[in-house]
Amino acid sequence: MLIYMGAVLQRKLMTVFHYALKPSGFLMLGGAETVGAQADLFAVIDKKHRIFVKRPIETPSSFQIPVEYTPSRSPHRGARLPTEMHTPPSFQNEANRLVLDRYGPPGVIVDENFQIIQFRGKTGFYLEPAPGDAAQSLNLLKMAREGLLHGLQTALYGARKSDKPVHKQGLRVTHNGTHHELDLHVIPLAVPGEERHFLVLFEEAGSVGEAAPEVALSPPQQPSSDDERVKQLQEELAASREYLQSIIQDLEAANEELQSANEEILSSNEELQSTNEELDTAKEELQSTNEELNTVNEELHGRNEELSRVNSDLVNLLGCVEIAIVIVGSDLSIRRFTPMAEKVLNLIPTDIGRPISQIKPNIECPGLEKMIVRVIDTVTIQEMNVRDSEGNWYALRIRPYKNVENRIDGAVLALFDIASRRHELELRQARDGTRAIVEVVRQPLVVLDGHLRVQAINRAFTEMFGLSNDDVLHRHVYDLGGGTWDAPPLHRLLDDVLPRQGRCAGFRVEHEFVRGEPMQLAVDAARIDGGDPGTALVVLAIHDLTRLDASPAPPATAPA
């Protein structure tokens, strides 16, 4: 959660963690978190897993507990004892502190990185603050005064490498233009559960066991001889060589580590390249598979569209068929039926999927289920005549249902209306009989439909008016003879008198039906209504009065 907090809040939390953490405890952070600017409060134990340990330094003075807590006093508790009764005698500790301050050598405690953890005694003659960042200025090597750095470096690196105390004698330090000799002691400190520390002591040369409340400064001394100066330079040169040798060893170790890390990086790079090649191959395979899937998807889309079109065609076909058809599966469950079958077999849309044995059809067919099973088993066609509850007769035909693989997968039931066929046959016979009668009669006859179109004529009509069947049949009566039949008297007979009276005898018509031959006709007409104009018939019987020697025909009369 630290990554979601600001820098100020992170510093406060790190201070709280340092205050609350036990000396032997650990601080574990997330993979993307770090101690940040508070690196002086914690030491790294495992950098990969972000595990830190508390440094043995005091909590910064700016630390404050964010929540104040005032313990409540219980009335049942006894009175608070005096402080003197709880604090053990500290005379010995005070005496030890005074002895160390007055007679102990000054020194510091540093960590593995030579950062000063604690100052002990007066170290101003040997150390001075370095300019720059306060956290970096506490480095012991940066605070060493002139003349002390080479010996101090050698001693610190030697103690850290060997983990044993190192003693350096005859070191010279310069302070305010004066030279001062001292002995240097670097002692490793090992505390279980904590990182290693070092105690660095600065001891006056030849003053062991003497009281030294203050370091006595000797006036500047000049070397007594050139040998002493050479000896000093040789010692400094030896110290520099030892320091340089330690740096070289550290550099070689660092180079070995870098070389090992480089080899690991090269190996990792090769593995990454191999993985990248595998990923490229997998990507190509996925692209090829994706293209195949797109092709299959397009084919499936086309087939779905074709199936939808076929299904729509089938639904429209079944809706237009005026035949009761039912399709059942091998388990005798209803798959599909036409709208005509809903009325004849008493079906509803929710009956799809139900066994046909659970349906009560309107037809009288007790062995319907057995007939369907026989058709499926024997692959034969079964036919029989059945009657519905209203007395209408139907021809039932059951045939096997074959799929596209030519396998039997059910049966198809079809019901044909026999009464309609009989009625059509009777109508056809009646029309044939009418035509035969018209042909036999010697008087000119013409039969019109409800729209006054010629349906039949006899031979006498063709002989009287000189018209053939091709010139007359299925033509409007007013268009006959090239329009010569479009006569007002004939209009009055067919459009006015006959629709009102239904029949008329001896209706007189004088007109030139044949060009150049005026004719006087007496027409007997009768209208037979069939319920609508399409089925009505008009029969005209014509008498030619111009060829008769008898008296004029009587006037037209209508039945009472």
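Structure first, text after, so check above.
Could you clarify how one ought to interpret the overall build of the chain in this entry?
Looking only at helices and strands, the chain features 13 helices and 18 strands. Taken across its 560 residues, the chain has 30% of its residues classed as buried. Of the contacts formed within the chain by residues at least 6 apart in sequence, a portion of 41% connects residues at least 24 apart. Accessible surface computed for the chain: about 37,900 Å², of which carbon and sulfur atoms make up 53%.

Before we go on, may I ask you to explain the sheet that holds strand 2 (residues 42-46) in this structure?
Spatially, three strands are ordered 1-3-2 in an open sheet, and the strand pairing comes out antiparallel. In the strand order of this sheet, the two ends are held by strand 1 (26-28) and strand 2, each with one partner. Strand after strand, the sheet turns through a mean of 35 degrees between neighbouring axes, direction not considered. Where strand 1 meets strand 3 (residues 51-54), three bridges bridge the pair, whose relative direction is antiparallel. Residue pairing across strands places Leu27 opposite Phe52, the latter belonging to strand 3. The sheet strands contacting helix 1 (residues 7-20) are strand 1, strand 2 and strand 3, and the helix crosses strand 2 at an angle near 80 degrees.

Please explain a nonpolar patch on the surface as it appears in this structure.
Taken together, the side chains of Leu244, Ile247 and Ile248 present a nonpolar region at the surface, about 220 Å² in accessible area. Among the structural elements, Ile248 can be located in helix 7 (residues 226-320).

What exactly am I supposed to notice about the nonpolar core here?
Within soluble globular proteins, side chains that are nonpolar tend to cluster in buried spots. By size, the foremost hydrophobic cluster in this structure holds 31 residues, and its most contacted members are Leu448, Phe461, Phe465, Val477, Trp485 and Leu494. Of all the elements in the fold, those that place two or more residues in this core are strand 14 (445-449), strand 15 (454-457), helix 11 (459-465), helix 13 (488-501), strand 16 (503-514), strand 17 (517-528) and strand 18 (537-544). Sorting elements by how many residues they give to this core places helix 13 first, with five residues.

So what exactly am I meant to see when it comes to helix 6 (residues 149-162) here?
Given 3.6 residues to a turn, an α-helix orients residues that are three or four positions apart in the same direction. Compared with an ideal rise of 1.5 Å per residue, which puts 14 residues at 20 Å, helix 6 spans 20 Å between its outermost C-alpha atoms and is within 8% of the ideal. Of all the positions in helix 6, only Gly151, Leu152, Gln153, Thr154, Ala155, Leu156, Tyr157 and Ala159 are classed as buried. Buried-residue contacts for helix 6 involve helix 5 (140-143), strand 6 (166-175), strand 7 (178-189), strand 8 (197-204) and helix 7.

Please explain a negative patch on the surface as it appears in this structure.
A surface patch of like charges, here negative, comprises Glu277, Glu278, Asp280, Glu284 and Glu285. With respect to the helices and strands, Glu278 occurs in helix 7. Classification of Glu278 by relative accessible area gives exposed; the value is 53%.

Explain the sheet that holds strand 6 to me, please; I cannot follow it from the model alone.
The strands that make up a sheet are held in pairs by hydrogen bonds between backbone atoms, and each pair lies either parallel or antiparallel. Read across the sheet, five strands follow the order 5-4-8-7-6 without closing on themselves; strand pairing throughout is antiparallel. Edge positions in the sheet fall to strand 5 (116-120) and strand 6, since each of these pairs with one other strand and no more. Mean inter-strand twist for the sheet, computed between neighbouring axes without regard to direction, equals 25 degrees. The pairing of strand 6 with strand 7 spans eight bridges and is classified as antiparallel. Of the residues in strand 7, the one forming a bridge with Val173 is His180.

What is the right way to look at the side chain of Asp544 in this model?
Among the secondary structure elements, Asp544 is positioned in strand 18. Overall, Asp544 belongs to the buried group, its relative accessible area being 10%.

Any chance you could explain unusual backbone geometry here in plain terms?
Trans is the prevailing form of peptide bonds, just as negative phi is the prevailing case for residues other than glycine. Of note in the backbone geometry, Leu332 takes a positive phi value of approximately 65 degrees without being a glycine. Secondary-structure assignment places Leu332 in the loop between strand 9 (324-328) and strand 10 (334-337). Overall, Leu332 belongs to the buried group, its relative accessible area being 12%. The backbone of Val379 shows a phi angle near 55 degrees, a positive value even though the residue is not glycine.

What's the story with the packing of helix 6 against helix 7 in this structure? I'm lost.
Axes are the key here: two packed helices are described by the angle between their axes and the distance separating the axes. Contact geometry of helix 6 with helix 7 gives a least axis separation of 9 Å together with a crossing angle of 45 degrees. Comparing their axes, helix 7 and helix 6 come out oblique. The hand of the helix 6/helix 7 crossing is left-handed. Across the interface between the two elements, His150, Gln153, Thr154, Tyr157, Arg160 and Lys161 from helix 6 touch Ala239, Ser240, Glu242, Tyr243, Ser246, Gln249 and Asp250 from helix 7. Looking at side-chain class alone, the contact of helix 6 with helix 7 contains three nonpolar, six polar and four charged residues.

Conventions adopted
Residues numbered from 1 in each chain as written. Predicted model: local features only at pLDDT ≥ 70, side-chain atom pairs only at ≥ 80, totals over all residues. Heavy atoms only, no water. Helix = DSSP H or I, 4+ residues; strand = E, 2+ residues; numbered from the N terminus. Buried < 20%, exposed > 50% of the residue type's maximum accessible area, 1.4 Å probe, protein only. Contact = heavy atoms within 4.5 Å. Areas by Shrake-Rupley, 256 points an atom, 1.4 Å probe, with all protein chains shown as cover. Pairing = 2+ DSSP bridges. Axes fitted to C-alpha atoms, helices over the stretch in contact; angles between N-to-C directions. Patch = residues over 30% accessible without salt bridge, like charges linked within 9 Å, V, L, I, M, F, W, Y side chains within 5 Å. Salt bridge = Lys/Arg side-chain N within 4 Å of Asp/Glu carboxyl O. Core = buried A, V, L, I, M, F, W, Y, C linked by side-chain atoms within 4.5 Å. Expected span 1.5 Å × (residues − 1). Lys, Arg positive; Asp, Glu negative; His and termini not counted. Charge placed at Lys NZ, Arg CZ, Asp CG, Glu CD. Parallel < 35°, antiparallel > 145°, perpendicular 65-115°, else oblique. Left-handed = near helix turned anticlockwise from the far one by under 90°. Nonpolar A, V, L, I, M, F, W, Y, C, P; charged D, E, K, R; others polar.

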